[in-house]
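Spelled out, the chains give:
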There are 2 protein chains.
Amino acid sequence: MLKIPDHQVAGHHASNGTLGPLIDDSGRFYKPLQGDERGSAEAAFYKQFTSNTQIPDHIRKFFPVFHGIQVMTASDGSEHPHIVLQDLTSSRINPTIMDIKIGSRTFGHEASDEYIAKCLKRDRETTSLQLGFRISGLQVYISDELGFYKPPRDLVLKSSVDGVRSLFRRFVAADQSIVTPDLEADAALASAVYGGTDGILAQLLELKAWFEDQSMYHFCACSLLFVFEKRLALEGASQNAQVKLIDFAHVTEGRGVIDHNFLGGLCSLIKFISEVLGDREENKTQEGDS
Amino acid sequence: MLKIPDHQVAGHHASNGTLGPLIDDSGRFYKPLQGDERGSAEAAFYKQFTSNTQIPDHIRKFFPVFHGIQVMTASDGSEHPHIVLQDLTSSRINPTIMDIKIGSRTFGHEASDEYIAKCLKRDRETTSLQLGFRISGLQVYISDELGFYKPPRDLVLKSSVDGVRSLFRRFVAADQSIVTPDLEADAALASAVYGGTDGILAQLLELKAWFEDQSMYHFCACSLLFVFEKRLALEGASQNAQVKLIDFAHVTEGRGVIDHNFLGGLCSLIKFISEVLGDREENKTQEGDS
């Protein structure tokens with residue numbers, strides 16, 4: 001039983017003459033192979049990465065499980081190859097999700113003049129150049145009645161630095177302050193989602209340690225996906241928040257050089273998340289004092 | 001008593017109608033104020049940084065001491081403002097020096113199209129884009145008879161990745177393998193210069209910890225200077241190798257964002273230095289075993 005995924009916050013959708021992304025009820029996500037070299041590059045990455053014995057287990061868990069390539073037949077009989085991956089939201093009922101494209105630049109050092117110009121324009125129009133990352137999309141569960149807060153993609157991409165700060169607070173807001181224009185959403189779930197020994201910050205620091213050393217891959221234009229279930233966060237459940245790396249169409253070989261572009265952006269992201277967490281814990285202390 | 005410095009490996013020199021850099025015998029370096037906005041920007045940085053109480057002492061030591069601005073009179077009577085700084089080589093007899101420009105890009109996020117195009121071209125022609133840094137110049141003391149190994153600046157800037165690896169080995173080579181075309185210079189002084197609790201690697205790691213947190217400045221197009229005295233290194237003296245940050249004409253305000261561009265490049269540099277050190281210590285172990 002295949003269906004169109006409910007919880008995609010960024011990336012490509014179905015368009016004329018193509019099959020879009022699909023999910024099945026066994027927890028698999030079918031990502032259409034992009035028609036140009038990006039599709040084959042992403043498939044090649046997954047194959048190589050899956051068989052690479054130098055990836056430690058505590059790092060492999062940050063990557064979607066790869067189940068191979070499968071040709072899907074559309075209703076008109078046309079055939080479309082898909083990359084079959086672990087569906088990162090299948091175990092979630094109302095997943096709160098953020099997609100963050102990492103890196104101050106989204107082009108590799110060997111890219112063509114034309115491709116560099118295109119990427120650089122986009123990196124300057126968004127926060128990538130300034131912050132080392134840009135938020136590509138998000139959805140935040142509010143309630144069964146109100147559904148999700150899911151601002152339009154273009155609006156998210158055009159966020160200012162303060163806008164990005166605000167989105168990191170809204171992402172972990174417990175109440176309806178999520179949808180108010182106030183920049184200071186309450187961030188009540190910061191400790192539950194960002195904090196703790198298995199929260200998002202701890203996972204980012206684990207990734208950072210690997211990026212300081214690994215020189216096999218340069219993860220150009222890849223994203224980090226944050227996922228958690230608000231109900232579980234409100235209950236204070238552990239192992240709720242997950243960080244995953246996705247979108248490998250522009251991965252290149254590291255050839256002995258670390259991915260300083262990804263690492264720099266990751267460190268900048270860590271600083272933003274730490275600040276939301278620090279502010280929140282400072283407020284809690286002050287509340288306790290009063 | 002002013003004279004022209006012997007040990008400048010990169011940067012600007014005297015040209016027609018200007019006074020170049022000068023040193024005096026009390027350990028001061030007189031850097032000509034560049035005529036355009038770069039000069040005033042660098043002077044403004046030194047003034048602001050010197051009075052900034054948020055700079056910890058263990059970080060301030062990485063910056064040259066600033067002694068103010070002084071107008072120097074040339075022999076033709078013309079007047080030229082200079083930034084007066086600590087002369088980083090005055091206590092050295094035969095300093096071995098490397099100048100490394102840090103950052104995958106050398107322009108800030110608010111630079112003009114024209115300036116970005118100019119910098120990006122240079123960053124792509126050198127190793128900046130690929131490695132997150134480029135070696136801008138170096139001199140390695142060989143012996144009183146042979147003097148210094150000081151390859152032409154253009155040749156250094158055009159180094160390949162393997163060329164950069166080789167220069168990091170030559171920089172700490174003890175013997176005449178420095179001047180051989182062999183890429184594997186012996187790196188006999190790696191432990192004495194790069195290693196140890198006060199070696200270059202330890203200093204870079206100290207800087208890295210600060211850059212993971214500080215969001216006051218973005219050090220665009222700044223350089224790290226490595227300096228040591230070979231005689232002292234051969235004797236195994238401690239506190240011989242120094243790391244300094246120089247060239248602040250393009251520093252901008254961080255406005256709450258870490259300098260992910262500098263940090264990424266610094267981490268890449270740390271990986272290169274660690275590898276020379278690791279290789280050398282591996283060789284020593286193997287020699288010990290045999």
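Given the structure is predicted, the values throughout are model-derived calculations rather than measurements.

Calculation notes
Residues numbered from 1 in each chain as written. Chains lettered and ligands numbered in written order. Predicted model: local features only at pLDDT ≥ 70, side-chain atom pairs only at ≥ 80, totals over all residues. Heavy atoms only, no water. Pairing = 2+ DSSP bridges. Helix = DSSP H or I, 4+ residues; strand = E, 2+ residues; numbered from the N terminus. Axes fitted to C-alpha atoms, helices over the stretch in contact; angles between N-to-C directions. Disulfide = S-S within 2.5 Å. Buried < 20%, exposed > 50% of the residue type's maximum accessible area, 1.4 Å probe, protein only. Least-squares fit on C-alpha atoms with pLDDT ≥ 70 in both. Contact = heavy atoms within 4.5 Å. Phe/Tyr/Trp six-rings, centres within 6.5 Å; stacked < 30°, edge-to-face > 60°. Lys NZ or Arg CZ within 6 Å of the ring centre and 35° of its normal. Core = buried A, V, L, I, M, F, W, Y, C linked by side-chain atoms within 4.5 Å. Buried area = accessible area lost by both parts, 1.4 Å probe. Salt bridge = Lys/Arg side-chain N within 4 Å of Asp/Glu carboxyl O. Polar contact = N/O pair within 3.5 Å; in protein donor to acceptor, adjacent residues only side chain to side chain. Domains from an automatic or database assignment. Nonpolar A, V, L, I, M, F, W, Y, C, P; charged D, E, K, R; others polar. 1 Å grid on protein atoms, 1.4 Å probe; cavity = no way out; pocket = protein on both sides within 12 Å on 5 of 7 lines; lining within 4 Å. Points joined across faces, edges and corners; volume = space filled by probe spheres on them.

### Things to note about the sheet that holds strand E9 (residues 223-229) of chain A
By way of backbone hydrogen bonds, the strands of a sheet pair with one another, either parallel or antiparallel. Residues and elements named next belong to chain A. Strand order in the open sheet formed by five strands is E7-E6-E5-E9-E10, with antiparallel pairing between adjacent strands. In this open sheet, the two strands that pair with only one neighbour each are strand E7 (147-149) and strand E10 (242-246). For this sheet, the mean inter-axis angle between neighbouring strands, taken without regard to orientation, is 20°. Taken together, the five bridges between E9 and E10 define a ladder with antiparallel strand orientation. Within E10, the residue paired with Ser223 across the bridge is Ile246.

### Describing the state of the cysteines
By definition, a disulfide links two cysteine residues through a covalent bond between their sulfur atoms. Summed over the entire model, instances satisfying the criterion amount to zero disulfides over all chains. Sulfur of Cys119(B): no disulfide; nearest cysteine sulfur belongs to Cys220(B) and is 8.0 Å away. Using a relative accessible area of 7% as the deciding quantity, one classes Cys119(B) as buried. The thiol of Cys267(B) is not disulfide-bonded; the next cysteine sulfur, from Cys267(A), is found 5.7 Å away.

### Describing the pairing of strand E9 (residues 223-229) of chain B
Residue and element names in this part refer to chain B. With seven of seven residues buried, E9 lies mostly within the body of the structure. Bridge count for strand E5 (residues 95-102) against E9 is seven bridges, and the pairing is antiparallel. Within the sheet, the bridge partner assigned to Lys101 lies in E9 and is Ser223.

### Section: the relation of the copies chain B and chain A
Once chain B is rotated about the relating axis by 180° and shifted along it by 0.0 Å, it coincides with chain A to within an RMSD of 0.0 Å. The operation mapping one copy onto its partner corresponds to a two-fold rotation axis. When C-alpha positions in chain B are compared against the rotation axis, the closest is assigned to Gly264(B), at 2.2 Å. When the interface residues of chain B are mapped onto chain A, 100% of them are again interface residues, pointing to one common binding face.

### Some words on the packing of aromatic side chains
Going through the model one piece at a time under the given rule, you end up with 54 aromatic pairs over all chains. Their ring planes at 35° and their centres at 4.1 Å tell us that Phe49(B) and Phe63(B) sit as a pair that is tilted. Remark: Phe63(B) occurs in the loop between helix H2 (57-60) and strand E3 (66-73) and Phe49(B) occurs in helix H1 (residues 37-51); sequence separation between them is 14 residues. Neither Phe49(B) nor Phe63(B) differs from the other in exposure class; each is buried. A ring pair is formed by Phe171(B) and Phe228(B), whose centres lie 5.2 Å apart and whose planes are at 90°; its orientation type is edge-to-face. Taken together, the residues Phe171(B) in the loop between helix H6 (161-170) and helix H7 (190-193) and Phe228(B) in strand E9 connect sequence positions 57 residues apart. The class for Phe228(B) is buried, based on a relative accessible area of 0%. Across the ring face of Phe107(A), the terminal group of Arg105(A) is positioned such that the distance to the ring centre comes to 5.9 Å.

### As for the nonpolar core
Judged by nonpolar contacts, the single largest core of 136 residues is most densely connected at Phe168(A) and Phe168(B). Grouped together as the second largest cluster of nonpolar side chains are twelve residues, Ala111(A), Ile116(A), Cys119(A) and Leu120(A) included.

### A look at the sheet that holds strand E1 (residues 22-23) of chain A
Residue and element names in this part refer to chain A. Taken in spatial order, the four strands of this open sheet run E1-E2-E4-E3, and their pairing is antiparallel. With one partner strand each, in any of the chains shown, E1 and strand E3 (66-73) form the two edges of the open sheet. In this structure, strand E2 (residues 28-32) lies alongside strand E4 (residues 79-86), joined through five bridges in antiparallel fashion. The partner of Pro32 across the bridge, within E4, is His82.

### Considering the interface of chain B and chain A
Between chain B and chain A, the residue contacts involve 35 residues of the former and 35 residues of the latter. Between chain B and chain A, roughly 2,500 Å² of surface is buried when both sides are summed, and carbon and sulfur atoms account for 56% of that area. For the pair chain B and chain A, the interface holds six salt bridges. The residue Arg124(B) makes a salt bridge to Asp113(A) at a minimum N-O spacing of 2.9 Å. Put simply, chain B and chain A have 18 residue pairs in polar contact (both at pLDDT 80 or more) between them. Secondary structure elements with two or more residues in the side of chain B that touches chain A: helix H3 (113-125), helix H4 (128-131), H6 and helix H10 (260-289) of chain B. In terms of residues, the side of chain B that touches chain A owes the most to one element, H10(B), which gives nine residues.

### What about the pattern of salt bridges?
According to the stated counting rule, one finds 30 salt bridges over all chains in the structure shown. Among the salt bridges present, the one from Glu42(B) reaches Lys31(B), with a minimum N-O distance of 3.0 Å. Residue Glu42(B) is located in helix H1, and its partner Lys31(B) is located in strand E2 (residues 28-32); the two are separated by eleven residues in the primary sequence. Of the two residues, Glu42(B) and Lys31(B), both sit in the buried class. Beyond isolated ion pairs, a larger network of salt bridges with shared partners links Lys208(A), Glu212(A), Lys208(B) and Glu212(B).

### Thoughts on the domain arrangement of chain A
Residues and elements named next belong to chain A. Segmenting chain A into domains produces domain 1 (22-86) and domain 2 (95-289). Domain 1 and domain 2 are separated by 23 Å when their C-alpha centres are compared. With 20 residues of domain 1 at the contact, the number on the domain 2 side is 16 residues. Carbon and sulfur atoms supply 65% of the area buried between domain 1 and domain 2, which totals about 1,600 Å² over both sides. Linking domain 1 with domain 2 are two salt bridges. For Glu206, the salt bridge is made with Lys61, and the minimal N-O distance between the two is 3.1 Å. Only helix H1 (37-50) and helix H2 (57-60) provide two or more residues apiece to the side of domain 1 that touches domain 2. If one sorts the elements of the side of domain 1 that touches domain 2 by residue count, H1 sits on top with seven residues. For the side of domain 1 that touches domain 2, the class distribution of residues is ten nonpolar, six polar and four charged.

### A word on empty space enclosed by the protein
With the rule as written, the count across this model stands at three cavities of 30 Å³ or more. Considered as a void within the structure, the largest cavity measures approximately 130 Å³ in volume. Forming the boundary of the largest cavity are 18 residues, of which Ser104(A), Arg105(A), Asn261(A), Ser104(B) and Asn261(B) lie nearest the centre. For the lining of the largest cavity, the elements supplying multiple residues, two or more each, are helix H10 (260-289) of chain A together with H10 of chain B. Looking at the lining of the largest cavity residue by residue, the classes come out as six nonpolar, ten polar and two charged.

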